[in-house]
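Topology and contacts: notes
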Amino acid sequence: MRNTVIEIRDLYKSFGDLHVLKGIDLDLYDGENLVVLGKSGTGKSVLIKIICGLIKADKGKVNVLGYDLNNITKAELNALRLEVGFCFQHSALYDSMTIQENIEFPLKYALKNLSKMEMDKKVDRVLEAVGLEQTKKQYPAELSGGQKKRIGIARTIVVNPKILLYDEPTAGLDPITCVEINDLINQVKAEFKASSIIITHDLTCAKQTGDRVSVLLDGVFEKTGNFAEVFNSEASSQIKQFHDYNFIDNKNF
Amino acid sequence: MNSTKKNAKVALFMLFGLIIFAGGIILISSMRKVFIKKISAVAVFQDVAGLTKGNNVWFSGVKVGTVESLEFIPDKGVKVNFQIEEKSQQYIFKDADVKISTDGLIGNPILVISGGNISQGVIEDGHIFKISREDSQQDMIKTLQENNKNILAITDDLKNMIASIDSGKGNLGKFLKDETLFNEVSQTVGQLRASSYQVTDFAKSLNQFGKKLNDPQGLPYQLATNKTIMPKLESTVNSLESGASSLQKTAGNAEVLVNEVKSDLNRITSSKNSAFGVLINNPEMADYMKSTMINVESGTEKLDENLEALQHSIFFRKYFRKKEEREKEAAKAMDSE
Amino acid sequence: MLKKPPGKRENFISEKIDRQLLDFKSGVDFVILFFKEFSFKTLVWSEFVHQCYQIGLKSLGLISLTGFVTGLVFTQQSRPSLLDFGAESWLPSLVSIAIVRALAALVTAIIAAGKVGSNIGAELGSMRVTEQIDAMEVSAVRPFNFLVITRVLACTISIPILSFYTAAVALAGSFINVYVNEQTNLRAFLFDAFDSITFLDLGSSLIKAILFGFTIGMVSCYSGYNASKGTIGVGKAANTSVVRSIFLIFIIEIFVVQVTNSFR
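Calculation notes
- Starting afresh in each chain, residues are numbered from 1 along the sequence in its written order.
- Chain letters start at A and ligand numbers start at 1, both assigned in the order the entries are written.
- With the structure being a predicted model, the display of local features is reserved for residues of pLDDT at least 70 and the display and counting of side-chain atom pairs for 80 or more, all residues being used for whole-chain, interface and lining totals.
- Helix numbers and strand numbers start at the N terminus; a helix is a DSSP run of H or I with at least 4 residues, a strand a run of E with at least 2.
- Around each residue's C-beta, the other C-beta atoms within 10 Å are counted; 20 or more make the residue buried, 12 or fewer make it exposed, and counts in between make it partly exposed. All C-beta atoms are placed from the backbone.
- Placing a C-beta atom from the backbone of each residue, one calls two residues in contact when those atoms lie within 7 Å.
- For this classification, the nonpolar set comprises Ala, Val, Leu, Ile, Met, Phe, Trp, Tyr, Cys and Pro, the charged set comprises Asp, Glu, Lys and Arg, and every other residue, Gly included, is treated as polar.
- Note: two strands are recorded as paired if DSSP finds a minimum of 2 bridges between them.
- Seen with its strands pointing away from the viewer, a crossover is right-handed when the path leading from the first strand over the helix to the second is clockwise.
- Inter-axis angles, ranging from 0 to 180 degrees, are taken between N-to-C directions of lines fitted to C-alpha atoms, where helices are fitted over the stretch in contact.
- Every angle not falling under 35 degrees, over 145, or within 65 to 115 is termed oblique; those three ranges are roughly parallel, roughly antiparallel and roughly perpendicular.
- A clockwise turn of the near helix away from the far one marks a right-handed crossing, whereas an anticlockwise turn of less than a right angle marks a left-handed crossing.
- Throughout this description, the term nonpolar core refers to a group of buried Ala, Val, Leu, Ile, Met, Phe, Trp, Tyr and Cys residues whose C-beta atoms join them within 7 Å.
- pLDDT runs from 0 to 100 and stands for how confident the predictor is about each residue.
- Residue count minus one, scaled by 1.5 Å, sets the expected span of a helix.

As a further point, take the overall build of chain A. Looking only at helices and strands, chain A features nine helices and ten strands. Taking all 253 residues of chain A together, the buried fraction comes to 43%. Put simply, 67% of the contacts in chain A that link residues at least 6 apart link residues at least 24 apart.

What chain B contains, in helices and strands, is nine helices and eight strands. For chain B, long-range pairs separated by at least 24 residues make up 67% of all intrachain contacts whose partners lie at least 6 apart in sequence.

Here we come to the interface of chain A and chain C. In this complex, chain A contributes 14 residues to the contact, which on the side of chain C involves twelve residues. Among the elements of the structure, helix H2 (74–83) and helix H3 (99–111) of chain A are those that each provide at least two residues to the side of chain A that touches chain C. Sorting elements by how many residues they give to the side of chain A that touches chain C places H3(A) first, with four residues. Tallied by class, the residues present in the side of chain A that touches chain C amount to eleven nonpolar, two polar and one charged.

So, on to the sheet that holds strand S5 (residues 97–102) of chain B. All names here are of chain B. Taken together, the eight strands give an open sheet; going across it, the order is S7-S1-S4-S3-S2-S6-S5-S8, and neighbouring strands pair in mixed fashion. Among the strands making up the open sheet, the edge pair consists of strand S7 (127–128) and strand S8 (130–131). Relative to S8, S5 runs parallel, the two being bridged by two bridges. Across the sheet, residue Asp97 finds its bridge partner in S8, namely Lys130.

Take the pairing of strand S7 (residues 163–167) of chain A next. All names here are of chain A. Across the five residues that make up S7, a large majority, five, are buried. Burial along S7 is two-sided: Ile163, Leu165 and Asp167 and Leu164 and Tyr166, pointing in opposite directions, are all buried. One ladder, built from four bridges, connects strand S6 (residues 84–87) with S7; its direction is parallel. Within S7, the residue paired with Gly85 across the bridge is Leu164. For the segment spanning S7, helix H6 (residues 175–192) and strand S8 (residues 195–200), crossover handedness is right-handed.

Now for the packing of helix H5 (residues 145–157) of chain A against H6(A). All names here are of chain A. Put simply, H5 and H6 touch, their axes get as near as 10 Å, and they point 15° apart. In terms of their interaxial angle, H5 and H6 are classed as roughly parallel. Handedness of the H5/H6 crossing: right-handed. Note on element contacts: H6 touches H5 through Thr177, Glu180, Ile181, Leu184, Val188 and Phe192, opposite Gly146, Lys149, Arg150, Ile153 and Ile157.

Right, let's talk about the interface of chain C and chain B for a bit. Opposite the 19 residues of chain C that make contact, chain B presents 16 residues. Secondary structure elements with two or more residues in the side of chain C that touches chain B: helix H2 (45–84), helix H5 (143–182), helix H6 (186–195) and helix H7 (199–225) of chain C. With eight residues, H2(C) is the largest single contributor of residues to the side of chain C that touches chain B. Its residues placed into classes, the side of chain C that touches chain B shows 14 nonpolar, four polar and one charged.

Time to look at the nonpolar core. In terms of nonpolar packing, the biggest core is built from 145 residues, with Ile51(A), Ala154(A), Leu165(A), Ala109(C) and Ile216(C) touching the most fellow members. Here this core gets 21 residues from one element, more than from any other, and that element is H5(C). By size, the runner-up hydrophobic cluster in this structure holds 19 residues, among which are Phe59(B), Val64(B), Ile92(B) and Val112(B).

Next up on the list: the sheet that holds strand S1 (residues 4–15) of chain A. Residues and elements named next belong to chain A. Reading across from one edge, S2-S1-S4-S5 is the order of the four strands in this open sheet, with antiparallel pairing throughout. Taken across any chain shown, the strands that pair with only one partner, and hence form the sheet edges, are strand S2 (18–29) and strand S5 (67–68). As judged from the five bridges shared by S1 and strand S4 (residues 59–64), these two strands associate in the antiparallel manner. Within S4, the position partnered with Ile6 by the bridge is Val64.

For the rest of this paragraph, the subject is the environment of Gln248(B). Residue and element names in this part refer to chain B. Structurally, the position occupied by Gln248 is in helix H6 (residues 229–270). Its 17 C-beta neighbours within 10 Å are what place Gln248 among the partly exposed residues. Note: C-alpha distance between Gln248 and Arg193 (55 residues apart in sequence) is 6.3 Å. In this structure Gln248 touches Ser196 and Thr200, once residues within four positions along its chain are discounted.

Here we come to the confidence of the model for chain B. Confidence in the prediction for chain B averages 78 pLDDT; 81% of positions are at 70 or higher. The ipTM, which scores confidence in the relative placement of chains, is 0.87 for this predicted complex, and the corresponding pTM is 0.69.

Residues and elements named next belong to chain A. The sheet contact formed by S1 and S2 spans nine bridges and is antiparallel. If you follow Glu7 over to S2, its bridge partner there is Asp27. Counting the residues that bridge the hairpin from S1 to S2 gives two residues, and of these Gly16 lies at a positive phi of roughly 65°.

Another aspect to go through is helix H8 (residues 231–263) of chain C. With 33 residues, H8(C) extends 48 Å from end C-alpha to end C-alpha; this agrees with the ideal 48 Å at 1.5 Å per step. Within H8(C) the residues assigned to the buried category are Val234(C), Ala237(C), Ala238(C), Thr240(C), Ser241(C), Val242(C), Arg244(C), Ser245(C) and Ile249(C).

Next up on the list: helix H1 (residues 44–51) of chain A. All names here are of chain A. The buried count for H1 comes to eight of eight residues, which makes it a mostly enclosed element. Taken residue by residue, H1 has Lys44, Ser45, Val46, Leu47, Ile48, Lys49, Ile50 and Ile51 as its buried positions. Positioned one or two residues after H1, Gly53 has a phi angle of 80°, which is positive.

One non-glycine residue, Asp75(B), adopts positive backbone phi at about 75°. Even without being glycine, Glu131(C) reaches a positive phi, approximately 65°. By the element assignment, Glu131(C) lies in the loop between helix H3 (91–129) and helix H4 (132–138). Judged by the 20 C-beta atoms lying within 10 Å of it, Glu131(C) falls in the buried class.

It is worth spelling out the environment of Gly56(C) at this point. Position of Gly56(C) relative to the elements: it lies in helix H2. Here Gly56(C) falls in the buried class, since 27 other C-beta atoms lie within 10 Å of it. C-alpha of Gly56(C) to C-alpha of Pro160(C): the two residues are 104 residues apart in sequence and 9.6 Å apart in space. Sequence-distant contacts of Gly56(C), that is, excluding residues within four places in its chain, are made with Val10(B), Phe13(B), Ser158(C), Ile161(C) and Leu162(C).

On to the packing of H2(C) against H5(C). All names here are of chain C. Where H2 meets H5, the axes come as close as 6 Å, and the angle between the chain directions of the two elements is 30°. With respect to H5, the element H2 is oriented roughly parallel. Relative to H5, the crossing made by H2 is right-handed. Here the contact of H2 with H5 is composed, by residue class, of 23 nonpolar, 16 polar and three charged.

The following block contains the structure:
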């Protein structure tokens, strides 16, 4: 039995009258990529924001790397955040800083105990990993969408997190760049041995990166399993519909 | 930008800012003489006229200290504690006194130390000054107010005087208001002028007569060659002639004068507030004018009489008769033409 | 549980006023949070210095120009009134009192509110909208410490320093005007100018400038930090920063003048 790094039980979250999450159960095992599939506005992003402590759950148990997020101190939360990396949908790079400064940021202000040389070494390593060594002195505004995503991932993995949370990693990118990002996700998994939750509505991404796939429909997980299991012929009409919109050609499964 | 360079710039910015602030503090301190040794002194005033903490203390027009605090003393007034620079101490003597004045006409209240005799020795720390009272601005204003009242009273009197002149009271008033009096004066002047013309005519005739007297054939010459009578007669005629012309001038002047006087007086009367009315409200002047008129009148009468007498004197009777005949002839010739 | 009686008002006063009250409350909470979180130990010095550079040095040119013109024009415009009393020799003291007691801090604060306030509001607003603040938070860096405390502190320190510059430059402007018109030399000018200024004036001006700086920093950071989503939110944050800062600057001015006068 593999280790569980994230354990969520019966999670509820609502914003006013809008009930987003209605009793979610989720387990993330060590070293796996879990893809959470769902339409826009179904609360996928809310789920991972709860996991990294950006949003507080209304009800339910959230256990991440042994920390109970309902009873966590500030110091513990900070420690947890160094273990959990979050890649934002729009990269969220700091506009006023160079790429180097962006990647250095968590090392400099969160880890704090590294020398300038160590930091440079780490920055070079992740930039090499994402294949953008030449952009070190550039500002985010000078980069393309795909490059920004890569730098966003680089900034996340620079602190060697145990868990990576990807929020729509391929949203807004062209298909070729999408594939590159998917490859990068897999490469990061192999190289940095991190467990990941990938939030997406892109089935290609799900298929290429996901060890397991969970489909979030109406605030609950409709089905969990590997890609083939989820999208088999017994799938519900909603899952089928979801699949059909992504792959116009049905032969794929 | 290089972070070291940025840090240096920020440090420089802060440093200069602090230097400016420190400069401000030092300048104020030097003005307030914060870092100068001082001695304290005391004075008790009935009224401090708005003196407050921080006001300056002057000695011979030089700032030597500042007011430190004020406190009330029941029944006595206000105790003013002030400080004097130690270096000025040697010039201020024990019997010097203090008063409250102002820096300029509308400036802050100041404490002024003045007087003092070297024989009394210099003041010491804690010296209690005796006070002297200076005319405050309030006093000045009070005096000004009194002056105003006096001026008001004077102008009121003037107004009344002018009013009474205007209504014909008093000599001047009568003179100005009484039409008949003015007419009389005017008439007299007219007469005076007519008389003067007559005198001129007469003098001319006399002159002609005189010339004829020079004819050695004529009796008059004979007469005139008399060395004693003739020069006298000549000088009499000359004086008569000049007397007549000056009399004529006088008459002309007198007319102008009267007219001017009239217009002036009219002006004065019409302007009731003129202080000039006071000057001419003088009975002596009116009397004097009247008597002058009388003298002029009697003068002309006497002149007429003299001329009449001259016509009848044996010396001139023939001349006048001849003159009468010549005139008749001339009139006839004129008629025949 | 009791049911709400029908027709009972949903709002405390009205929706708009309730929103304003809640906004005010969250503003007060924001200030309280600042004092709770502030500590020199956790202060991010490099960011603080960077902000001092941005807020202080980068505003220096603008502030200097404004200060110079203020001194020059104020002197020029005051002259006729004093001339009526034949008291143009009082110009240095009049101008210095006006500059030190009120103008230096006020002019600096208003210019800074416009320049620095809108800058901070827009910067933090766009950071909020593009999730950069969230990114900081998940990087285990407290964005409040990193963004808000450094900026507020930089404003609180830089604006008083800028106001000293303004005062110095304004006095220089005034001196030039007085020198050209009355041929007063610098020594006499400084003597007249500083003779009428007290430590109370200088102190109250300093306190005022510190309060102005703190207010500009706090208001701008609050507006930007709590910007709503979207580009409209960024513009609104910048606008709110300036408007509220200037409004509060005048309120503070009134209060400080009242308090200072009670010491006179």
